[in-house]
Amino acid sequence: MLEIEVLKILKDSKNLLAFSHGCDSSALFFILLNLNIDFDIAIVNYNVRKQSKDEVRNTRSLARKYNKKCYVLESNILDFISFNENKNSKDSIESNAKNTQDSIESIDNFASNFELKARQIRYNFFFNLLDSKNYKNLITAHQLDDKIEWFFMRFLSGSGINSLLGFESVESRFYGGKEFKIIRPLINVSKSEILEYNKINNIEYFIDKSNENTKFFRNYVRAKITKNIESRFYKNIKKSFEYLQKEKEILYPKVMICVDFNLFYCKNSNFKSALHRIYIIDKLSKRLGYVLSSKQKNEIDELFFNLDFGREPYKECVMGEKIIIAINEQFLFVGFKLCNKDSKKVIESRIPKKFREIYRKQKIPPKIREIMYYSEITFL
């Protein structure tokens, strides 16, 4: 069921399984167990559903039974989401709705904000564990139906081939200056196959009723589009993804990337087009844990349009107060911002004169210099 490439990575590694006790992660738990792959589990309780307490309790019990470490994050996610300058739960918003457009938009905004914030909370928790507990890989239970749902979500949102393809079976991420891998062993396995596996092996799992709420975009796509795709089409869907991936590799060929702590850089001469450059910027930002919006990609594209290094030695910008994107005549840089508030003058004052002179001669963009200094990068 799992690809040989994935098994090789997971074998002899310290792995953390992102667990929910749903159909997919429960199946993956026992698949990994039967393959003698070492792993522990982590689960997040957002304290939105009453059932979630049972899920956490059973997860702890499952971990004890099979001698796995179990990490639990209790999160009150509703405290993070505000509407109309007030922090309200979804129930209070729906109870006040009077069939007005504003009310509908408020609920839609809640769903969007909830999904985004839940993902941020979840992955911050996972990556903190990877870093502090020295895990090498984060295993998630994304499967083929998830990949298909993502395709239609991005298609309906107006995306290109890069965003349409979404998940890969193996992806690199950087956190705290360390490299980790996100592994998706089930990405080419259909939901029906997973359900059958659970049935044959009498595997207990929970059904999240909130997945039926079509106010959440993913649930809407699932209920209105992907749920109606018959299993006989899955073989051809897999082929289509394979063809698209090959075409993507032609459009966006691989680029040699240098990595130093929280900084990526590569030669400008490697880019085939401006589109190729934006693709690499997007990919490197994701590896640092930040997802660029379409608007941000357009802003970067406009900033880097018609570059004239004879007039300007470099250009740079900061996205989301987290990611620095910069370019000079030789290199493209994507780095994690070390400090959010300090001015250029303050940052420069922390760098010894010797290194400031080196960076100036190399025409290193100012916002990149502090990352380079603290990463002990002196020459490119």
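Scroll up to find the structure this text is about.
What you see is a predicted model; the values in this text were computed from it and never measured.

S.K.: I keep staring at the environment of isoleucine 187 and nothing clicks. Help me out?
M.R.: Here isoleucine 187 shows up in the loop between strand S6 (178-183) and helix H8 (191-200). Taking the relative accessible area as the measure of exposure, isoleucine 187 reaches 2% and is therefore buried. On a C-alpha basis, the gap between isoleucine 187 and alanine 141 in space is 7.7 Å, while along the polypeptide they are 46 residues apart. The residues touching isoleucine 187, leaving out its near neighbours within four places in the chain, are His142, Gln143, Leu144, Lys147, Phe167 and Ser169.

S.K.: Just to check I follow, could you spell out the nonpolar core for this structure?
M.R.: By size, the foremost hydrophobic cluster in this structure holds 33 residues, and its most contacted members are Ile280, Ile281, Ile300, Ile325 and Leu332. Examining the composition of this core, we find that five residues originate from one element, helix H11 (residues 274-287), more than from any other. Counting the residues that make up this core, at least three belong to each of domain 1 (4-89 + 101-245) and domain 2 (258-375). Not counting residues within four places of it along the chain, the set of residues in contact with leucine 332 comprises Phe264, Tyr265, Cys266, Asn268, Phe271, Arg277, Ile280, Ile281, Phe304, Ala326 and Ile327.

S.K.: For this particular structure, what's the right way to read the sheet that holds strand S2 (residues 39-45)?
M.R.: Remark on secondary structure: sheet strands pair via backbone hydrogen bonds, oriented parallel or antiparallel. On the basis of which strands lie adjacent, the open sheet formed by six strands has the order S3-S2-S1-S4-S6-S5 and mixed pairing. A single partner strand is all that each edge strand has here, and the edge strands are strand S3 (70-74) and strand S5 (170-175). Neighbouring strand axes in the sheet, compared pairwise and without regard to direction, differ in orientation by 25° on average. Sheet topology places strand S1 (residues 15-18) next to S2; four bridges connect them, and they run parallel. Residue pairing for S2: leucine 17 is matched across the bridge by isoleucine 41. This element, helix H2 (residues 23-34), spans S1, S2 and strand S4 (137-139) of the sheet and lies at about 155° to S1. In this fold helix H3 (residues 51-65) packs onto S2 and S3, with an angle of close to 165° to the strand it touches most, S2.

S.K.: Could you clarify how one ought to interpret the state of the cysteines in this entry?
M.R.: In protein structure, a disulfide is the covalent linkage between the sulfur atoms of two cysteines. Inspection of every chain in the model, using the stated rule, returns zero disulfides. Left unpaired, cysteine 266 is separated from the closest cysteine sulfur, that of cysteine 258, by 8.2 Å.

S.K.: Quick question: what am I supposed to make of the pairing of S1 here?
M.R.: Looking down a regular strand, the side chains alternate between one sheet face and the other. Covered by surrounding structure in S1 are Asn15 and Leu17 together with Leu16 and Ala18, the residues of both alternating faces. Chirality of the crossover, the property in question, places the unit of S1, H2 and S2 among those that are right-handed. Across three bridges, the pairing between S1 and S4 is parallel. Its bridge partner being in S4, asparagine 15 is matched across the sheet by asparagine 137.

S.K.: What is the right way to read the sheet that holds strand S7 (residues 258-260) from this model?
M.R.: Spatially, five strands are ordered S7-S8-S11-S10-S9 in an open sheet, and the strand pairing comes out antiparallel. Only two strands of the sheet have a single neighbouring strand rather than two, namely S7 and strand S9 (314-319). Here the average twist between neighbouring strands, direction ignored, is 15°. Two strands pair when backbone bridges link them, and S7 and strand S8 (residues 263-267) are joined in this way by three bridges, in the antiparallel orientation. From the neighbouring strand, aspartate 260 faces S8, where its bridge partner is leucine 263.

S.K.: Explanation requested: the packing of aromatic side chains in the structure shown.
M.R.: Given two aromatic rings, one states the distance between the centres and the angle between the planes to describe the pair. Counted under the stated rule, the structure contains 20 aromatic pairs. On the numbers, 6.3 Å between centres and 5° between planes, the contact of phenylalanine 151 with phenylalanine 155 is stacked. Here phenylalanine 151 and its partner phenylalanine 155 are both found in helix H6 (residues 144-156), four residues apart, which amounts to about one turn of the helix. What makes phenylalanine 155 exposed here is its relative accessible area of 51%. Aromatic pair phenylalanine 174 and phenylalanine 264: ring centres 4.9 Å apart, planes at 90°, arrangement edge-to-face. Taken as a pair, phenylalanine 174 in strand S5 and phenylalanine 264 in strand S8 lie far apart in primary sequence, 90 residues in all. For the pair formed by phenylalanine 174 and phenylalanine 264, the shared burial category is buried. In textbook terms, an aromatic cluster arises when at least three aromatic residues are bridged by ring pairs, as seen for Phe19, Phe29, Phe30, Phe39 and Tyr66. Geometry around phenylalanine 241 places lysine 147 over its ring, the cationic atom sitting 4.8 Å from the centre. The ring of phenylalanine 355 has lysine 354 sitting right over it, with the charged end atom 5.5 Å from the ring centre.

Scoring rules and cut-offs
- For every chain, the first residue of the written sequence is number 1, and numbering continues from 1 along that sequence.
- Owing to the predicted nature of the model, reporting of local features is limited to residues with pLDDT of at least 70; listing and counting of side-chain atom pairs is limited to 80 or more, with chain, interface and lining totals taken over all residues.
- Hydrogens and water molecules were not included; the side-chain quantities draw on all heavy atoms of the structure.
- Helix and strand labels come from DSSP, where a helix needs a run of H or I of at least four residues and a strand needs a run of E of at least two; each type is numbered from the N terminus.
- In this scheme, a residue with accessible area under 20% of its type's maximum is buried, one over 50% is exposed, and one in between is partly exposed, where area comes from a 1.4 Å probe on protein chains only.
- Contact definition: two residues touch when any of their heavy atoms are within 4.5 Å.
- Here, nonpolar core refers to any group of buried Ala, Val, Leu, Ile, Met, Phe, Trp, Tyr and Cys residues whose side-chain atoms link them within 4.5 Å.
- Note that the domain bounds reflect an automated or database-derived domain assignment.
- Pairing between strands requires that DSSP locate at least two bridges from one strand to the other.
- Angular values range over 0 to 180 degrees, each being the angle between N-to-C directions of two axes fitted as lines to C-alpha atoms, with helices fitted over their stretch in contact.
- Our working definition of a disulfide is a cysteine sulfur pair at a distance within 2.5 Å.
- Looking down the strands as they point away from the viewer, one classifies a crossover as right-handed if the path from the first strand across the helix to the second runs clockwise.
- Each aromatic pair joins two rings of Phe, Tyr and Trp (for Trp, the six-membered one) with centres within 6.5 Å, and gets the label stacked for planes under 30 degrees apart, edge-to-face for over 60, and tilted for any other angle.
- Cation placement over rings: the criterion is NZ of Lys or CZ of Arg within 6 Å of the ring centroid and within 35° of the ring normal.

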